[in-house]
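# Summary of structural features
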Amino acid sequence: MNRSLSFEVFRYAAILGALAITLIPILWMVSMAFKPIPEWQATGDALTWIPKAPTLDNFRFIFGESSSNLIVALDRTAAKPILSSLLSASIGTLIAMSAGTAAAYGLSRFGSGANLPLALIQLRLFPPMAVMIPVMIMWSFLNMMDTWWGLALIYGIVTLPFAFWLMKTFFDDMPREIEEAALVEGCSRARVFWRITLPMMRAPLASAALFVFILNWSDYLIALLLTTREWVTIPVYMASLSSSMTGQLYGAKAALGLIAAVPPVVMGILIQKHLVRGLTFGALKQ
Amino acid sequence: MTATAAPLKDLSQPMSVTAPKPQDEGRKLGFRLTLPAQVLVLFISLFPLLMQLYISLTDWSPLSGMAWPRAWEMWNNFANYTDLISDNRLWSALGRTLLVMVVCVPVEFLLGLGLATLFADDFPGKRIFYSILIMPMMVVPAVAGYMFYMLFQSGGPVNDILSSLLGTPVTVAWLSDPVLAMIAVMVADIWQWTPLMFLILLAGLVGVPEDQMRAATLLGAGPWQRFRTIVLPRMKTIIIIALAIRVIECFKIFDTLYIMTGGGPGVATETISVYIYKITTQDLIWGYVAAIALAILVVLSVACVWAMKRMARAQGDRA
Amino acid sequence: MSAIRLEHLVKQFGAFTALKTMDLTIEDGEFMALLGPSGCGKSTTMNMIAGMERPSEGRILFGDRDMAGVPMGRRGVGFVFQNYAIFTHMTVRQNLDYGLRMGGRPKAEIASRTKAIADLLQLSDLLDRPAQGLSVNILQRVAIGRSAVMEPAIFLLDEPLSNVDAAFRAVMRTELKHLQRQFRQTMVYVTHDQLEAMTMADRIAVMDHGVLQQVGTPLQVYNDPANTFVARFIGAPGMNLLKGRPVETPQGVAIDLGAAGISPVLPPPQAAAARSAKAGVYYGFRPEQAHLVSAGQGLALPVTFVERIGARSILHLGNGDTAVKGVFENDLRATLGETAHIAPIGEAVRLFDAGSGAALRGH
């Protein structure tokens, strides 16, 4: 369709505005992560947008290296929280994807577990806050409080709906002729699933896994309630980073925030075309 | 009858005991495949719900000095549920949650729809702009909360930009003022979740057949008429889904908000999730928390069933 | 008022030229078919007439009015899309009165005009049915009615039968032609199917590679193709074309067709035209306008295939440069590999310049 020049001008102006609003908060944090202490806050009326003396001190600091600029010392470094986030998010993803993929296949092909779609949507609907009391009681009973495996288990359950729904729509979309051909050749159904279907679904599986990982990695509330010290995740650790000596450790927190923000953004861009499907439980495909 | 995908109704047919039928094998495998998910769902729903119900009828607290199974000793004759009705802080928190919802969801919807309209056809730079614009929703919410915490400091960039726009120094303490803190929290939510609306609505918008748009144009329909008569009706289900998702998520709002204000100043930005979090971790009145949680679950379940029907219809439309 | 004039129309998409300098006048009330293989520029031409594409150069006039800058919604053209573009979320009635409603016509007028068009198209019983799921011939009528109710002076149809299966096409063709007679508007019909063009159009504009090849009535285009492209494209099968050089024989000028032998003698005007062709000529005749002759006459070629198509039989002779087809009655007797003798009847011979492909009009 022919569009007028004024429309194009308007479009670019609007998009540039949106880009600015989108990027300013992100760039501010990036900039902060590389600023030395004196530039953290406005002195007088001069606010530093681009670090005048860029430094990696903030990153060194959160990994425990003493810095001439920061007189405080951390009682623990960011290493363990990063490990905790990685372990709990990936094992949680593994749990969600295994149970979700298997169940999605069972429903898509054999009509088993017809209760699951609704049950899982409901699971997603509930604010985690509203089920945390019993979960905390159960987790202490099972000695899973403040452990990465305890977190992994709850993450696996919380993101199971996404894994299940995503994989269900992928299986529903998959042509069945190849599976049927293999069945005619005498393969058992279990073998068809393992040897034919799963290898064919490698790309969708990867997308779904990345999607689920992003969700797990992004959690704050659950980790806040289920971890206390040993296995706190990055967001919990970040929130606790402050010191009576220096107030908010802006630069250090920004550095940590940057570390936390990069993986999901990169992954999200990788699986761009499946984002809509994932976010709408497969109701929409892009 | 082909071998795969035996529909449910066939499984209920009486089965021969002599030779295993193909459906038999599928049924067994289907059962085994769905078992782990079923166990996980039961593990997180049935038992916790019963436990929650049980505790909600008592004054039990982790400080009670007894294990939760003995909570019946602290039976309180539904006092938690009667307290709940007169709990002003709860109702205020609910009110604030709804306020965030009725402000943020429409704003996100309109901004998202506007952006989606701009992206409906091809233009140079579309892909890269698109990738950048959807970034906020992938930022860890807690980190987003911290970003906006920094932005809204009195010596922070927001005031800096306002100062240069207005020409006079602005040193507003955003997060210490009850009203401004609420605005700041909403801005953060809109920043993070407008991209979600944009993403979903754009997917719907490109699904509107171009030929129909052209046909409408040729029949004399103007842009607004085309939008009202062709685009909106075709996107109805999608819009409902997008709104439902955001309404649900808005109801749960916690991470960004808690990092920015901690519910404060005072209780000025205390939403349902923040309130529950606080009474769970600070007041430790778990019996009461369980009662509130259960009430919320019941209300939301009703909403969920309604939403599911919509979703099912949306998928039916696409089949 | 509703004649369409295309003057030096050019359309480029980046480096690709979709249409090269097209000049064409479509008379008021005429049914013009734009015919050509896919990618020939016919749809581009139509889209420019409708205002969906802007010409790179040249002008489009409706009557005397230059259409440059007139947006597609104001051109007063009815457009029937290839897939009909029916508003499937509406009822038949809402489709039919869409344009009137958008134009803000009074309710009574909308009702009466919609009723009139529905009666004409036999859609009255279906008015309140949802458009979703109606059969394709009804969809076609809705698509036409939706435009026709606006009483456009010009109707554009973009391959409306291409999604219809072959068996049903004949019915739809008849229906379309019937409708055109009722409406009497200027119609431009884009198609790649020569049968549709031949059966329905008053005139056909044959296009190829963005170039207008020939404009004429179906019979003109069939009988006197302007060049070898039109000769091959029109007709099923297309015209036989054999490359050769004029030779003087005792009886007069004939064409030496190489392996196929010497053609029958040409009548004097064609002989003169043939002599003037420096690069040689294509000797052409329609498969339907050939007969089998006794040995020593006509072209002698081996039988390669006999194609029985039901009502007729197509005899394939020779191959490659010497391939010739003839359409005969089913009592044809031919044996594969044997030599058959075929000659064009009477005035059927057409000559084309072997260099430019243009017809050598010598008759």
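The coordinates are above.
Keep in mind it's a predicted model, so treat the numbers as computed, not measured. Every chain is numbered on its own, with residues counted from 1 as its sequence reads. For this description, chains carry letters from A and ligands carry numbers from 1, given in the order in which they are written. Residue-level local features of this predicted model are given only where pLDDT is at least 70; pairs of side-chain atoms are given and counted only at 80 or more, and the full residue set underlies all totals for whole chains, interfaces and linings. As a rule here, side-chain values cover all heavy atoms of the structure and leave hydrogens and water aside.

### Observations regarding the overall build of chain B
The helix and strand inventory of chain B stands at 13 helices and zero strands. Each helix is a run of H or I in the DSSP string that is no shorter than four residues. Each strand is a run of E no shorter than two, and both are numbered from the N terminus. Listed N to C, the secondary structure of chain B is α-α-α-α-α-α-α-α-α-α-α-α-α in terms of helices and strands. Burial analysis of chain B (319 residues in total) assigns 54% to the buried set. A contact between two residues is defined here by any heavy atoms of the two lying within 4.5 Å. Nonlocal contacts in chain B, meaning residues at least 24 apart in sequence, comprise 63% of its contacts between residues at least 6 apart. Note on areas: Shrake-Rupley, 1.4 Å probe, and residue coverage restricted to the protein chains presented here. Just so you have it, chain B exposes about 14,100 Å², and 68% of that area is on carbon and sulfur atoms. Relative accessible area decides the class of each residue, using a 1.4 Å probe on protein chains only: under 20% of the type maximum gives buried, over 50% gives exposed, and in between gives partly exposed.

### Here's the deal with the overall build of chain A
From N to C terminus, chain A includes 14 helices and two strands. Of all intrachain contacts in chain A linking residues separated by at least 6 positions in sequence, the fraction that spans at least 24 positions is 72%. In the form shown here, chain A has an accessible surface area of approximately 11,400 Å², with 66% of it arising from carbon and sulfur atoms. In this tally, Lys and Arg are treated as positive and Asp and Glu as negative; His is ignored, and so are the chain termini. Where a charge sits is defined by one atom per residue type, namely NZ (Lys), CZ (Arg), CG (Asp) or CD (Glu). Computing the positive centroid from 20 side-chain charges and the negative centroid from 15, chain A places the two 4 Å apart.

### What to know about the sheet that holds strand β12 (residues 252-256) of chain C
By this definition, two strands are paired if DSSP reports at least two bridges between them. The antiparallel open sheet is built from five strands, whose spatial order is β12-β11-β13-β19-β20 (chain C). Two strands close off the open sheet at either side, each with one partner strand: β12 and β20 (359-360) of chain C.

### Details of the packing of aromatic side chains
Between 30 and 60 degrees the pair is tilted, below 30 it is stacked and above 60 it is edge-to-face, where a pair is any two Phe, Tyr or Trp rings, Trp via its six-membered ring, whose centres lie within 6.5 Å. For the structure on display, the rule yields 34 aromatic pairs over all chains. Arranged with centres 5.3 Å apart and planes meeting at 70 degrees, the rings of F119 of chain B and F123 of chain B form a pair that is edge-to-face. By relative accessible area, which is 0% here, F119 of chain B ends up buried. F123 of chain B sits in the buried class, given a relative accessible area of 9%. With centroids separated by 5.7 Å and ring planes inclined at 55 degrees, the aromatic side chains of Y130 of chain B and F198 of chain B adopt a geometry described as tilted. Residue Y130 of chain B is located in helix α5 (residues 126-133), and its partner F198 of chain B is located in helix α8 (residues 178-206); the two are separated by 68 residues in the primary sequence. With respect to class, Y130 of chain B is no different from F198 of chain B; both count as buried. One aromatic cluster is present, formed by Y12 of chain A together with F119, F123, F129, Y130 and F198 of chain B through successive ring pairs.

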